[in-house]
Amino acid sequence: MLLFYARKIFKLPALYGDGDTMKAVILAGGFGTRLRPLSSTRPKPMIPVLGKPNLQYILEALEKVPEIDEVILSVHYMRGEIREFIDEKMADYPKEIRFVNDPMPLETGGALKNVEEYVSDDFLVIYGDVFTNFDYRELIKAHEENDGLITVAATKVYDPERFGVLEMDESGKVLHFEEKPKRPKTNLVDAGIYVVNKKVLEEIPKGKEVYFEREVLPRFVERGQVYAYRMPKGTYWVDLGTPEDFFYAHQIALDEMARENGYFYIAESAEVPEDVEIQGPVYIDEGVKVGHGVKIKAYSYIGPNTVIEDKAYIKRSILIGNDIIKERAELKDTILGEGVVVGRNVIIKENAVVGDYAKIKDDLVIYGAKILPWKKVEEYEAYIKIKLDPTKVRPGQYPDRCPLGLPECIYKKFKAIAGEKPPCDECIENQWLF
């Protein structure tokens, strides 16, 4: 095991005896493959919501939990980015922070085994991609009141087949647990937050890839040693696993902002002319410069130091920061990474995701594609995810009209894929623009 360092600035005054303190482990080592291209240039816990990394939200919530005296960050992928963030942005954090490096991808169970020597008795576990306002003290209290070795935070979702689904009795004991079932029996799922007894780690092999939720948790459920605590009504929870989840987290955050601070927020250093039309909820961050005649519609976030030129149109879009949107460009249901340049008259729609520092040439239309970081897009090269009739469309030919209804300048460049093997099945599945 490689231990980077432990940093201790100062501790809050002790409110509890030494025997009542515990460690919090944040699992921050995953690759975030489903979040690409956003996670191609940043670790998943550093994915920002309203300009703040999710890891910061977690640390700020833990700061309010007096039982926690130390936070352990289990890291692997792009760990230097996380350490730099802690050093620069969280230097005044009042609890001890320890970095533990996984020397190889160990998955969730293996990563917990790797921190075994730094925890004692019960400890809190939080997945680094969980965006929530849940009060961790409630789970700690629930664990103290049951006789289980694991207490799981549970929440209701509309798509339980994506998560670990559990069934519990009136006492909270988990009777059945299944990871990503095809036919879930309930919509109550594992929220990726646990209190775990150290005895559980004794059954995890060291230095091996082990999935906590697939291999460890079901074993202890069978023994009757797992309890669940249902998150109270009004608690929001998002697994930041996909770009769609990223959108949803911003929707929640913008709704929260609207309830607390009004329908839109414009930072003091932002420059927004009076003729700019804003329909909230909208958040315009520090250093943003907006041109004349711009329209910014609901559920949009404009990240720091972004420049939006005259007559641009933005709706339900997330601009992470330092982006340049040239005049008359249109963004709808779009995510832009950092430092993206969008050319004049460009249209980007339909859940497109543009990686950091990509450049989109003038007059292009992009529907639902994922663009890799640093890509220079000069023509529409994407394989579009549609079903083509092979009897009507042949390789090297263009359809009479674009199946998606794109403008003429685009469909003339449409590349029929019937009868051709694409370069990579994953590229077709994800609609990469490469």
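Scroll up to find the structure.
Heads up: these notes are all about the structure in this document.

Calculation notes
- Residues numbered from 1 in each chain as written.
- Predicted model: local features only at pLDDT ≥ 70, side-chain atom pairs only at ≥ 80, totals over all residues.
- Heavy atoms only, no water.
- Helix = DSSP H or I, 4+ residues; strand = E, 2+ residues; numbered from the N terminus.
- Buried < 20%, exposed > 50% of the residue type's maximum accessible area, 1.4 Å probe, protein only.
- Areas by Shrake-Rupley, 256 points an atom, 1.4 Å probe, with all protein chains shown as cover.
- Patch = residues over 30% accessible without salt bridge, like charges linked within 9 Å, V, L, I, M, F, W, Y side chains within 5 Å.
- Salt bridge = Lys/Arg side-chain N within 4 Å of Asp/Glu carboxyl O.
- Lys, Arg positive; Asp, Glu negative; His and termini not counted.
- Charge placed at Lys NZ, Arg CZ, Asp CG, Glu CD.
- Core = buried A, V, L, I, M, F, W, Y, C linked by side-chain atoms within 4.5 Å.
- Contact = heavy atoms within 4.5 Å.
- Axes fitted to C-alpha atoms, helices over the stretch in contact; angles between N-to-C directions.
- Parallel < 35°, antiparallel > 145°, perpendicular 65-115°, else oblique.
- Left-handed = near helix turned anticlockwise from the far one by under 90°.
- Nonpolar A, V, L, I, M, F, W, Y, C, P; charged D, E, K, R; others polar.
- Pairing = 2+ DSSP bridges.
- Phe/Tyr/Trp six-rings, centres within 6.5 Å; stacked < 30°, edge-to-face > 60°.

1. Describing the overall build of the protein
Logical step 1: When helices and strands are tallied, the protein shows eight helices and 34 strands.
Logical step 2: Here the protein holds 434 residues, and 53% of them are scored as buried.
Logical step 3: With the model as given, the accessible surface of the protein reaches about 20300 Å², and the carbon-plus-sulfur share is 46%.

2. Some details on a nonpolar patch on the surface
Logical step 1: Residues Y263, F264 and I266 make up a contiguous nonpolar surface patch of about 300 Å² in total accessible area.
Logical step 2: Tracing the backbone through its elements, the reader meets Y263 in the loop between α6 (243-261) and β15 (264-266).
Logical step 3: Take Y263: its relative accessible area is 53%, and that puts it in the exposed class.

3. Topic: a negative patch on the surface
Logical step 1: A surface patch of like charges, here negative, comprises E81, E84, D87 and E88.
Logical step 2: Mapped onto the elements of the fold, E81 is located in helix α2 (residues 79-89).
Logical step 3: On the accessibility criterion, E81 (38% relative accessible area) is partly exposed.

4. Re the nonpolar core
Logical step 1: In this structure, L62, L124, I150, I193 and F212 are the most contacted members of the largest nonpolar core, which totals 71 residues.
Logical step 2: At seven residues, strand β12 (residues 188-197) tops the list of elements feeding residues into this core.
Logical step 3: Beyond its immediate stretch of four places on either side in the chain, L62 contacts A24, I26, I68, V71, Y93, K95, L124, I126 and Y136.
Logical step 4: Residues I314, A329, V342 and V377 belong to the second largest nonpolar core, which totals 30 residues.

5. Examining the packing of helix α1 (residues 54-63) against α2
Logical step 1: α2 packs onto α1 with a crossing angle of 50° between their chain directions and a minimal axis gap of 11 Å. Comparing their axes, α2 and α1 come out oblique. When you trace α1 past α2, the crossing you get is right-handed. Across the interface between the two elements, L55, Q56 and L59 of α1 pack against I82, F85 and I86 of α2.
Logical step 2: Its residues assigned to classes, the contact of α1 with α2 shows five nonpolar, one polar and no charged.

6. Here we look at the sheet that holds strand β16 (residues 277-278)
Logical step 1: Here six strands make up an open sheet; going across it, the order is β16-β19-β22-β25-β28-β31 and the pairing parallel. Only two strands of the sheet have a single neighbouring strand rather than two, namely β16 and β31 (365-367).
Logical step 2: Pairing between strand β25 (residues 330-332) and strand β28 (residues 347-349): two bridges, direction parallel. Residue E330 lies in a different strand from β28, and its bridge partner there is I347.

7. Details of the sheet that holds strand β33 (residues 376-377)
Logical step 1: Read from one edge to the other, the open sheet built from six strands follows the order β18-β21-β24-β27-β30-β33, with strand pairing classed as parallel. Looking along the sheet, the strands with just one partner apiece sit at the ends: β18 (289-290) and β33.
Logical step 2: Bridge analysis of strand β24 (residues 324-325) against strand β27 (residues 341-342) gives two bridges, and the strand direction is parallel. Along β27, the bridge assignment pairs I324 with V341.

8. Let's talk about helix α3 (residues 107-114)
Because each turn of an α-helix spans 3.6 residues, side chains separated by three or four positions end up pointing in the same direction.
Logical step 1: Most of α3 sits out of view: seven of its eight residues are buried.
Logical step 2: If you check which residues of α3 are buried, you get T108, G109, G110, A111, L112, K113 and N114.

9. Details of unusual backbone geometry
Logical step 1: Of the consecutive residues R36 and P37, the connecting peptide bond is found in the cis state with omega at 10°.
Logical step 2: Within the secondary structure layout, P37 lies in the loop between β2 (22-28) and β3 (48-49).
Logical step 3: Cis peptide bonds are those with omega within 30 degrees of zero, and the linkage from G280 to P281 qualifies with 5°.
Logical step 4: Residue placement: P281 occurs in the loop between β16 and β17 (282-284).
Logical step 5: Backbone geometry at M78 places phi at a positive 50°, although glycine is not the residue there.
Logical step 6: Its location among the elements puts M78 in the loop between β5 (68-75) and α2.

10. Notes on the pairing of β12
Logical step 1: Within β12, ten of the ten residues are buried, which leaves it mostly tucked inside the rest of the structure.
Logical step 2: Both strand β7 (residues 122-127) and β12 contribute to a ladder of five bridges, which runs antiparallel. Bridged to D122 within β12 is N197.
Logical step 3: Strand direction decides the pairing type here: strand β9 (residues 150-156) and β12, joined by six bridges, are antiparallel. Its bridge partner being in β12, T155 is matched across the sheet by V189.

11. Considering the packing of aromatic side chains
Geometrically, a pair of aromatic rings is defined through the distance of the ring centres and the angle of the planes.
Logical step 1: Taken as a whole, this structure holds eleven aromatic pairs when the rule is applied.
Logical step 2: Residues F31 and Y77 carry aromatic rings whose centres are separated by 5.2 Å and whose planes lie at 50° to one another, so their mutual orientation is tilted. Of this pair, F31 sits in the loop between β2 and β3 while Y77 sits in the loop between β5 and α2, placing them 46 residues apart in sequence.
Logical step 3: A relative accessible area of 35% places F31 in the partly exposed class.
Logical step 4: Relative to Y283, the ring of Y265 lies with its centre 4.6 Å away and its plane at 40°, an arrangement referred to as tilted. Linking Y265 in strand β15 with Y283 in strand β17, this pair joins segments that are 18 residues apart in sequence.
Logical step 5: Given a relative accessible area of 31%, Y265 falls into the partly exposed group.

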